[in-house]
Protein chains: 4
Amino acid sequence: MANSKWEYVKQFERPDQLLPNTWIVVRIDGRGFTKFANKYAFEKPNDKRALDLMNEAAKLVMTELPELIIAYGISDEYSFVFHKTCKLFERRESKLVTTIVSTFTSYYIFLWSKYFPDKPLSPPLPSFDGRVVCYPSVSNLRDYMSWRQADCHINNLYNTTFWALILQGGMNNQQAEQALLGTVSSEKNELLFSKFGINYNNEPEIYKKGSVIFRDYELVEPGSHNVAEEADNLGEPVEQSKTQLEKEKKKRAKAKVVIAYLDIIKDEFWDKRPWILSGKPGRIPKEV
Amino acid sequence: MANSKWEYVKQFERPDQLLPNTWIVVRIDGRGFTKFANKYAFEKPNDKRALDLMNEAAKLVMTELPELIIAYGISDEYSFVFHKTCKLFERRESKLVTTIVSTFTSYYIFLWSKYFPDKPLSPPLPSFDGRVVCYPSVSNLRDYMSWRQADCHINNLYNTTFWALILQGGMNNQQAEQALLGTVSSEKNELLFSKFGINYNNEPEIYKKGSVIFRDYELVEPGSHNVAEEADNLGEPVEQSKTQLEKEKKKRAKAKVVIAYLDIIKDEFWDKRPWILSGKPGRIPKEV
Amino acid sequence: MANSKWEYVKQFERPDQLLPNTWIVVRIDGRGFTKFANKYAFEKPNDKRALDLMNEAAKLVMTELPELIIAYGISDEYSFVFHKTCKLFERRESKLVTTIVSTFTSYYIFLWSKYFPDKPLSPPLPSFDGRVVCYPSVSNLRDYMSWRQADCHINNLYNTTFWALILQGGMNNQQAEQALLGTVSSEKNELLFSKFGINYNNEPEIYKKGSVIFRDYELVEPGSHNVAEEADNLGEPVEQSKTQLEKEKKKRAKAKVVIAYLDIIKDEFWDKRPWILSGKPGRIPKEV
Amino acid sequence: MANSKWEYVKQFERPDQLLPNTWIVVRIDGRGFTKFANKYAFEKPNDKRALDLMNEAAKLVMTELPELIIAYGISDEYSFVFHKTCKLFERRESKLVTTIVSTFTSYYIFLWSKYFPDKPLSPPLPSFDGRVVCYPSVSNLRDYMSWRQADCHINNLYNTTFWALILQGGMNNQQAEQALLGTVSSEKNELLFSKFGINYNNEPEIYKKGSVIFRDYELVEPGSHNVAEEADNLGEPVEQSKTQLEKEKKKRAKAKVVIAYLDIIKDEFWDKRPWILSGKPGRIPKEV
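Residues numbered from 1 in each chain as written. Chains lettered and ligands numbered in written order. Predicted model: local features only at pLDDT ≥ 70, side-chain atom pairs only at ≥ 80, totals over all residues. Heavy atoms only, no water.

1. Notes on the pairing of strand β5 (residues 211–216) of chain C
Within a regular strand, side chains alternate between the sheet's two faces.
Residue and element names in this part refer to chain C.
Okay, so step 1: When you tally the buried positions in β5, you get five out of six residues, the bulk of the element.
Okay, so step 2: Sheet topology places strand β2 (residues 68–74) next to β5; three bridges connect them, and they run antiparallel. The residue of β5 that forms the bridge with Ala 71 is Ile 213.
Okay, so step 3: As paired elements, β5 and strand β6 (residues 256–260) share five bridges and run antiparallel to each other. Considered in β6, the bridge of Ile 213 is made with Ile 259. (Buried < 20%, exposed > 50% of the residue type's maximum accessible area, 1.4 Å probe, protein only. Helix = DSSP H or I, 4+ residues; strand = E, 2+ residues; numbered from the N terminus. Pairing = 2+ DSSP bridges.)

Shown next as structure tokens:
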């Protein structure tokens, strides 16, 4: 059969390789998760099991794709970051974003019953959309991460107060919304404490900070590296011997992928973990 | 907290709306499915359960996204087509491709145990990547569909012969490959028949034709419409009243989504189902 | 010298081939032409010499690029159209738009002294920017052309009335603007006639219709072709023998490129000149 | 007239804003300049007048677009660089590339008679195409500039030897090509010296180094700035007061735009002129 007659249609495919030497962020979002959260009666303002499920799915994505250097999640959203030297799938945008979205979805469905054994899934099922953004400099990437974590804080403080007003204060949604209109952070903190005896600072870190996932190596003394500058100076291509690359791959595969609830806005997090921005595996911590 | 300081990073997001008035094809592919098929011992050359699973997942994608007009699947691949007037997600490429990939993956994992009750999934899980291609004319779209169905035929004839040589003929992979090198279709047909008594024409349609999914309305007399021309003539925007749109939406929701194993290369399939290319729902068949 | 060390920077170039089987429109615009028109005291509301200069430059662009099928100009703007089967520069967007902009600019400067012998150019010189838009169907392309010609009409009627109020009516700019605020076409026509004795219909066609440039062949009887449909049906690739292509190229080169002031909104223009949409050269008219 | 009916065609325009925080390089090239150079009998291997014409046109482009930080030219090619913080035309690719191509072409035609008073231009006229490439880091940008200057050296050494073999050595083109096949730089140098008494080092700098154009301020002591790092650290947006921006604009407008033939591969050029990479105007040198 003459397939060639129709094969010309391949010419309509557009190349979509991302600009080299830029940090690739893939952000995924739950589709229609407000409705979905209601269907499965997620706890308010945060459902710990739902977050743990997101985190385990994201951790498994990180584990399957060693090219990822860090991931950060809040609510039904997760950002995955590829190092700027990453050449996975020749940096093709569609491949990168769909692979992450699909792998994440796959684990989310697969793990659901572990976290919600009492609530079997039924159609329509949860799903996620995704998008890619490229950042040219370390400072842009750090600002992206800070933006997400600041959003986490803002949203969580709002939601914590909002649901306290409803669940403990007996307000309905409109009343709670009205009560919070125009309030600043300090006023929400005050309101939580004075009305409900809640010290926001004592809220669980996972709610206040969101979740950050990375490969774990031995921490280094801050100040001993200048990783941001080194990363920015990196041109293309970083030539490495096959042996060197294999070695690094093995090291990376051995590294434990960890979930933590840490401040990623300040320098400390990054300074102590130079491997994240350098893309070079660190030293595997000795087992105790 | 001053979120605005970091919010500038949103400016790095690139718009990705697809060219209006073009047919949008989203093709998804199983990632590493050769290995995956081995892990779960899929039957050769075709595993009926695996195909049925693909088909049910695709059918549910079609059902959830009424903007889809047709889908076509072979092996671990599925193509989903949006009508050229489709405005879903403002035609944003990332949204469209990730939504389909994620919804499909979701159902694939969810339905797995229905088709493979004896083979529980374990990590690494199956996943799919996807890409978008736009086609300007009906003739381009039809050629795309023909290309995929021709591929189905070519691959299935090859695989059927290849696995007959191995499973019934006792060859190993290399010998079977060697035996088929340079053979044309008629020779493979002949070989199947003379050596193994297999009449390729009698093979199941699902293997020979692949699976096509569409909404089912009353068939029309071929020749009574000129849908291709009408579709090509469609400019933008097709203005319709809200009432009209609502009506169509309801009709579409009522329509049964069916899976069939039909020739989609010849005109007949399209002529009898003008609603596929027109994008207008047809007449709901009366229940018998 | 080791050039290879730096050659990696070529990888940052992005491919920019336009979607196949779409009509390519390159529209160029004078940069800062309001100021430029004042500097050289262009006549109001239309400067015939300036338009003739635009037209001759555009005609020479058409002559140098036989892949262009039609061009249409108003004021300091020109649209050039490549046939949807055009493969010039592998359809690379940058190449196409910069070649047209540069060739046009080149002739504009070169021919300036022919049209304005009394007004030598001095820096800053006139220049043009350009952009590319792709249209999937004949109906979209025709609508684009209609849009530009309708704009021509709307602007020219406004400008004719505006400048009559100023030059003959003694108003200043603000007064004229005020006088026209909210008026519809018929009111402007009436105003022109009653106040200044101007019958707008008798205004020169070049001002009312803009300028259309195309290759001239023998006109055909409208209705004898169905070019729009044929053009839409065209898939890719249109395979032709080298001999055939050479023949067509020669015919095209022989064809006279003409400037006319015609209605391109109605079907007549296109029906009589099927070669424009078919991309196939017509019959060279016999010299009388 | 109902223009709105057709205005929908504007929706087919695609946004093309370049990734923020990247260095924008616009490279233009003469179209068919081998043929063009023959038509006007350019001198071989270098025509000083032709290069001076290129340089003056480029200098005027730099002068008209103060957002440009540097330009570099060899033969019939010129690269123009916008600072990574540049917001001109909202960073729209088409606007940027066509404006530069058109302005350059405009001056090239306009100035032609100054450099070639004895050779009036005739159609087909010279024209240029252009393309845009974005570079994320200073190191990428420097490597791009080094790549072009290395190319200049390689080509000029080759051409100088090639044309010596022909013009002084009496060879024809094929013989000269053959003689140079596989030779390295040192061999070409040796050949030039031993056969023709030409010391390549004494060749004019404009031929060996190409031409670099920049705004001239007081040189600074190398080592007193760390501009590359500062530039890489720049995020977006660099907020400045209107007054500050106006001040800088004035300073920039006052600065002399100079053409020089310098090494731009080594650090020295950049270290002494920190304003190029910082984008901040330097100190205007005192007139003597």
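2. A few points about the side chain of Ser 106 of chain B
Okay, so step 1: Take Ser 106 of chain B: it is sitting in helix α4 (residues 93–115).
Okay, so step 2: Exposure remark for Ser 106 of chain B: the relative accessible area of 1% places this residue in the buried category.

3. Focus on the relation of the copies chain B and chain A
Okay, so step 1: Placing chain B over chain A gives an RMSD of 0.0 Å and needs a rotation angle of 180°, together with 0.0 Å of translation along the axis. The symmetry that links the two subunits is that of a two-fold axis.
Okay, so step 2: By residue overlap, the copies meet face to face through one surface: 100% of the interface positions of chain B are interface positions in chain A. (Least-squares fit on C-alpha atoms with pLDDT ≥ 70 in both. Contact = heavy atoms within 4.5 Å.)

4. Comments concerning the interface of chain B and chain A
Okay, so step 1: At the interface, 56 residues of chain B touch 56 residues of chain A.
Okay, so step 2: Around 4700 Å² of area is buried between chain B and chain A when both sides are counted, 59% of it from carbon and sulfur atoms.
Okay, so step 3: If you look at where chain B meets chain A, you find six salt bridges.
Okay, so step 4: A salt bridge links Asp 129 of chain B to Lys 95 of chain A; the shortest N-O distance between them is 2.6 Å.
Okay, so step 5: Taken together, chain B and chain A are joined by 22 residue pairs in polar contact (both at pLDDT 80 or more).
Okay, so step 6: For the side of chain B that touches chain A, the element with the most residues is α4 of chain B, which contributes 14 residues.
Okay, so step 7: Looking at the side of chain B that touches chain A residue by residue, the classes come out as 26 nonpolar, 16 polar and 14 charged. (Buried area = accessible area lost by both parts, 1.4 Å probe. Salt bridge = Lys/Arg side-chain N within 4 Å of Asp/Glu carboxyl O. Polar contact = N/O pair within 3.5 Å; in protein donor to acceptor, adjacent residues only side chain to side chain. Nonpolar A, V, L, I, M, F, W, Y, C, P; charged D, E, K, R; others polar.)

5. Quick word on the UniProt feature "domain: tRNAHis guanylyltransferase catalytic" (unreviewed entry) in chain A
Okay, so step 1: With numbering matched to this structure, UniProt assigns "domain: tRNAHis guanylyltransferase catalytic" (unreviewed entry) to residues 7–136 of chain A.
Okay, so step 2: Secondary structure across residues 7–136 of chain A divides into 37% helix and 22% strand, with the first and last C-alpha atoms of the span separated by 37 Å. (UniProt positions renumbered as here; feature names shortened; annotations may be inferred.)

6. Considerations on the environment of Val 101 of chain B
Okay, so step 1: You can see Val 101 of chain B is positioned in helix α4.
Okay, so step 2: C-alpha separation for the pair Val 101 of chain B and Asp 29 of chain B, spaced 72 residues apart in sequence, amounts to 9.1 Å.
Okay, so step 3: Filtering out sequence-adjacent residues up to four positions away, Val 101 of chain B remains in contact with Thr 98 and Ser 102 of chain A together with Ile 28, Phe 128, Asp 129 and Gly 130 of chain B.

7. Re helix α3 (residues 48–64) of chain A
Okay, so step 1: Over its 17 residues, α3 of chain A runs 24 Å from end to end, which matches the ideal 24 Å to within 8%, given 1.5 Å per residue.
Okay, so step 2: At the N-terminal boundary of α3 of chain A, the capping side chain belongs to Asp 47 of chain A, with an oxygen 3.0 Å from the backbone nitrogen of Arg 49 of chain A. (Expected span 1.5 Å × (residues − 1).)

8. Overview of the interface of chain D and chain C
Okay, so step 1: Each side of the interface is counted separately: chain D has 56 residues, and chain C has 56 residues.
Okay, so step 2: Buried surface at the junction of chain D and chain C, summed over both partners, amounts to about 4800 Å²; 60% is from carbon and sulfur atoms.
Okay, so step 3: Taken together, chain D and chain C are joined by six salt bridges.
Okay, so step 4: The tally of links between chain D and chain C comes to 22 residue pairs in polar contact (both at pLDDT 80 or more).

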